[in-house]
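Results of the structural survey
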Amino acid sequence: MRYRRILGALTAAGLIAGSGVVAGSSARASMPTSAVRAALAETMELDGWPAALVAVRDEGDRVKTLASGVLELGETKKARAGDQVRIGSSTKTFTAVIVLQLVDEGLVSLDEPVETYLPGVVRHPDVTGAEITVRQLLQHTSGLPDMSGDIGQNLISWQHRYISPRASLDLAFTHPVENAPGEALSYSNANFILAGLLVETVAGRPFAEELERRLLEPLGLDYTYFPEQGEEEIRGKHPHSYIPLADPPTDYTVFDPSWAHAAGAMVSTAEDMTTFFSALAEGELLPASLLAEMQQTIPADSIWPGAAYGLGLIAFELSCGVTAWGHGGDAPGTVSRVAATEDGRAAAIVVTKNGTEAAAEQRLRDLVDTAICAL
């Protein structure tokens, strides 16, 4: 793993010895936060999040964390910035990086049909794995339908229900395709469930194990993990999370995320997410040629206005004239937005209730913009 080799070489050469920073951890930053605090206060007041957790990382790898709100509605205990949360579709970027590492190792080709690696798995009446490439999975241009509508419209009945990745795909494949492969961007969790199965098939090990070996351990992401089969509770300290089915909103902290698998099941912290996305943007996780492939984008206004989608990675322009690379995650009960720039600056925000208004979504993205541009 390139990241580990670099750290090992620097340590052996004495270039980071005595720095006071353990590899994989972060120095605490003394950086401007007034603009970030103001943006956080605004979204808390206008959008009514139970809690919001923020991490901001500067180009020197120093981190500042902020929190607002309460751990649980009706209680007075304050939210904690370092708590674990479900990160939803930000999982997709981790999955894409692992697939691209397999490409680097010569085990996968981006333009090879999915059928090569997962024969017979794409069982849709209108398309087969022979017609879809690995690249199209990672860029959501396969045209495969999604199953998230089936889940989202029945969250209570799905709360404690386990479903295997293959069964999730079968559920998705009951819906018509969105477009012919390669024709257009159509966001679908099925693409990244397939990518996760591809990782397991090619590597010959469980997805969670490859994630730990390739990314979590080398980067020191001690509070990030992929849930085990049937695991419903978050392992560490965490806030309660809520879905807006009623008033007051419904507590949805404990649930089975199996339906999302490698498309959205991970748990992390705001700070760990900035570590990962900063390392990716700085070129520490992939060779330059493959990072360039990952950053080849197509317009993705359907995700949000001005967004462009690469391979499991969203690009958008910041107000300070810099391109940010990140993703967003909407799990039942939590919303996360995270981005980083090529000089290592990064910011993440997580809120503990799903939003229902476009203005609230815009304020979350604006906070990320403010946090990075204020550095």
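Residues numbered from 1 in each chain as written. Predicted model: local features only at pLDDT ≥ 70, side-chain atom pairs only at ≥ 80, totals over all residues. Heavy atoms only, no water.

Some words on the overall build of the chain
Basically, it comes down to this: Under the DSSP-based scheme used, a helix requires at least four consecutive residues in state H or I and a strand at least two consecutive residues in state E, with every element numbered from the N terminus. Between the two quantities, the radius of gyration covers C-alpha atoms and the globule rule is 2.2 Å times the number of residues to the power 0.38. Each residue's exposure class comes from its accessible area (1.4 Å probe, protein chains only) as a fraction of the maximum for that residue type: buried when under 20%, exposed when over 50%, partly exposed otherwise. Any two residues whose heavy atoms approach within 4.5 Å at even a single point are treated as in contact. Method for areas: the Shrake-Rupley scheme with a 1.4 Å probe, in which residue coverage is limited to the protein chains shown.
Within the chain one finds 12 helices and 15 strands. Computed over its C-alpha atoms, the radius of gyration of the chain comes to 20 Å, within 12% of the 21 Å expected for a compact globule of 375 residues. Seen along its three principal axes, the alpha-carbon backbone of the chain occupies a region of about 60 × 55 × 40 Å. By the burial criterion, 54% of the 375 residues in the chain qualify as buried. The contacts in the chain between residues at least 6 apart in sequence include a share of 68% that link residues at least 24 apart. In the form shown here, the chain has an accessible surface area of approximately 15100 Å², with 49% of it arising from carbon and sulfur atoms.

Considerations on the state of the cysteines
Going by this rule: Two cysteine sulfurs form a disulfide in these notes if their separation is within 2.5 Å.
Tallied over the full model, the rule gives 1 disulfide. In this model, C320 is linked to C373 through a disulfide, with the two sulfur atoms separated by 2.1 Å. When the S-S torsion is -70°, as for the bridge of C320 with C373, the disulfide is left-handed. Taken as a pair, C320 in the loop between β12 (314-317) and β13 (323-331) and C373 in helix α12 (residues 358-373) lie far apart in primary sequence, 53 residues in all.

Side note on the pattern of salt bridges
Operational definition: We count a salt bridge whenever a side-chain nitrogen from Lys or Arg sits within 4 Å of a carboxyl oxygen from Asp or Glu.
Under the counting rule described, the total for this entry stands at 16 salt bridges. With its nearest N and O atoms 2.3 Å apart, the salt bridge here joins R57 to D61. Among the salt bridges present, the one from R337 reaches D330, with a minimum N-O distance of 3.0 Å. With a relative accessible area of 47%, D330 lands in the partly exposed category. Look at the salt bridges and you will find they share partners, linking E105, E210, R213 and R214 into a network.

Things to note about the side chain of R86
Condition: Residues scored as charged are limited to Lys and Arg (positive) and Asp and Glu (negative), so that His and the chain ends carry no count. We define a polar contact as two N or O atoms separated by no more than 3.5 Å, with the added condition that, inside protein, one atom must be a possible hydrogen donor and the other a possible acceptor, whereas residues neighbouring each other in sequence contribute only through side-chain atom pairs.
By the element assignment, R86 lies in strand β4 (residues 85-86). Although R86 is buried, it makes no salt bridge; E232 carries the closest opposite charge, 7.2 Å away. A distance of 2.7 Å separates the side chain of R86 from the backbone oxygen of E232, its partner in a polar contact. Setting aside residues no more than four positions away along its own chain, R86 makes contact with E232, E233, I234, T253, V254, F255, P257, M266, V267, A331 and T334.

Quick look at the nonpolar core
Rule in force here: Buried Ala, Val, Leu, Ile, Met, Phe, Trp, Tyr and Cys residues that are joined via side-chain atoms within 4.5 Å together make up what is termed a nonpolar core.
Core analysis: the biggest nonpolar cluster contains 110 residues, and F94, L211, F276 and M294 have the highest contact counts within it. In this structure, M294 is in contact with T93, A96, V97, L100, L280, L286, G310, L311, G312 and L313, ignoring residues within four places of it in sequence.

So, unusual backbone geometry
Cis peptide bonds are those with omega within 30 degrees of zero, and the linkage from D247 to P248 qualifies with 5°. Positive phi values are uncommon outside glycine, yet H140 reaches one of about 55°. Mapped onto the secondary structure, H140 falls in the loop between α4 (134-138) and α5 (148-152). Judged by its relative accessible area of 0%, H140 is buried. Phi at H261 is positive, roughly 40°, even though this residue is not glycine.

Some words on the layout of surface pockets
Selection criterion: Cavity means a closed set of points on a 1 Å grid over the protein atoms alone, one where a 1.4 Å probe fits but cannot get out, pocket means an open set with protein on both sides within 12 Å along at least 5 of 7 lines, and lining means a residue has an atom within 4 Å of a point. Grid points are joined across faces, edges and corners, and a volume is the space filled by probe spheres set on the points. Gly is put with the polar residues, along with every residue not named as nonpolar or charged; the nonpolar set is Ala, Val, Leu, Ile, Met, Phe, Trp, Tyr, Cys and Pro, and the charged set is Asp, Glu, Lys and Arg.
In this structure, the largest pocket spans a volume of roughly 690 Å³. Listed by contribution, the elements that provide at least two residues to the lining of the largest pocket are α5, β13 and α12. Ranked by residue count, the leading element in the lining of the largest pocket is β13, at 5 residues. Residue composition of the lining of the largest pocket, grouped by class: 18 nonpolar, 11 polar and 7 charged.

Some words on helix α8 (residues 189-203)
Let me state the cut-off plainly: The span you would expect from a helix comes to 1.5 Å times its residue count less one.
Compared with an ideal rise of 1.5 Å per residue, which puts 15 residues at 21 Å, α8 spans 21 Å between its outermost C-alpha atoms and is within 8% of the ideal. Counted residue by residue, α8 has 11 buried out of 15 residues, so it is predominantly covered. Listed as buried for α8 are N189, A190, N191, F192, I193, L194, A195, G196, L197, L198 and V199. Buried residues along α8 sit against α3 (91-104), α4, α5, α7 (165-172), α9 (207-219) and β11 (308-309). A distance of 3.2 Å separates the backbone nitrogen of A190 from a side-chain oxygen at the start of α8, and that oxygen is part of S188.

Topic: the environment of L367
Of note, L367 is situated in helix α12. Separated by 20 residues in the primary sequence, L367 and A347 place their C-alpha atoms 8.6 Å from one another. Residues within four places of L367 in sequence aside, it is in contact with V36, A39, L40, V54 and I349.

A short note on the packing of α3 against α8
Stated precisely, the cut-off is as follows: Interaxial angles span 0 to 180 degrees and are taken between N-to-C directions of axes, which are lines fitted to C-alpha atoms, for helices over the stretch in contact. Angular relationships are summarised with four words: roughly parallel below 35 degrees, roughly antiparallel beyond 145, roughly perpendicular across 65 to 115, and oblique for the angles in between. Note on convention: the crossing is left-handed when the near helix lies turned anticlockwise from the far helix by less than a right angle, right-handed when the turn is clockwise.
Running from N to C, α3 and α8 point in directions that differ by 40°, and their axes come no closer than 10 Å. Taken together, the axis directions place α3 and α8 in an arrangement best described as oblique. α3 and α8 meet at a crossing whose hand is left-handed. Of α8, the residues touching α3 (which contributes K92, T95, A96, I98, V99 and L102) are N189, F192, A195, G196, V199 and V202. Residues that form the contact of α3 with α8 fall into these classes: 8 nonpolar, 3 polar and 1 charged.

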